Amino acid sequence: MDQFRLTPITRGLQIAGLILSTTSVALAAPQLPSFAGATFLPGAAIDHPYFPLMDNAVRTFSGQTVDEDGDPIVDSFELKRLGAGPTILGVQATTQLDRAFVGGLLDEETFDY
């Protein structure tokens, strides 16, 4: 008879199984937004909080690492909105200047859209 005794863990698993077996879950397929050029509004503001392009401010980000000898190296990059860029697949892009510095020296300069 002891083999059928329920421990608190076994009882909890039974209750969880009962709840899961009586609950129906509707799974929805993920829906992506339309990226067609026709869905973009010409001149609409870019107001994404993690990708701010609303002004012409230069944003600088920096961090510090150490080289093989343990000497500090400051790495940084700066982003600046330059204005309208090319039209890509029917969407007017914005041009952003991206400059990377290593130890205070310009390492890379690109134009991002």
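Just so it is clear, the structure is predicted and the values come from calculations on it, not from any experiment.

1. Here we look at the side chain of Ser76
Moving on, step 1. You can see Ser76 is positioned in strand 2 (residues 72-88).
Moving on, step 2. Setting aside residues no more than four positions away along its own chain, Ser76 makes contact with Phe61, Ser62, Arg99, Ala100 and Phe101.

2. Thoughts on unusual backbone geometry
Moving on, step 1. Of note in the backbone geometry, Leu89 takes a positive phi value of approximately 50° without being a glycine.
Moving on, step 2. When you line up the elements, Leu89 lands in the loop between strand 2 and strand 3 (91-102).

3. Considerations on the environment of Gly63
Moving on, step 1. Structurally, the position occupied by Gly63 is in strand 1 (residues 58-66).
Moving on, step 2. Placed 11 residues apart in sequence, Gly63 and Val74 show a C-alpha to C-alpha distance of 5.9 Å.
Moving on, step 3. The contacts of Gly63, once residues within four sequence positions are left out, are Ile73, Val74 and Asp75.

4. Structural notes on the environment of Thr95
Moving on, step 1. Examined against the element boundaries, Thr95 turns out to sit in strand 3.
Moving on, step 2. Overall, Thr95 belongs to the buried group, its relative accessible area being 10%.
Moving on, step 3. Each C-alpha atom, one on Thr95 and one on Phe111, is 6.4 Å from the other, the two residues being 16 residues apart in sequence.
Moving on, step 4. The residues contacting Thr95, other than those within four sequence positions of it, are Lys80, Arg81, Leu82, Gly83, Ala84, Gly85, Pro86, Phe111, Asp112 and Tyr113.

Calculation criteria
- Residues numbered from 1 in each chain as written.
- Predicted model: local features only at pLDDT ≥ 70, side-chain atom pairs only at ≥ 80, totals over all residues.
- Heavy atoms only, no water.
- Helix = DSSP H or I, 4+ residues; strand = E, 2+ residues; numbered from the N terminus.
- Contact = heavy atoms within 4.5 Å.
- Buried < 20%, exposed > 50% of the residue type's maximum accessible area, 1.4 Å probe, protein only.

Take it as geometry only, folks, not as evidence of what the structure does.
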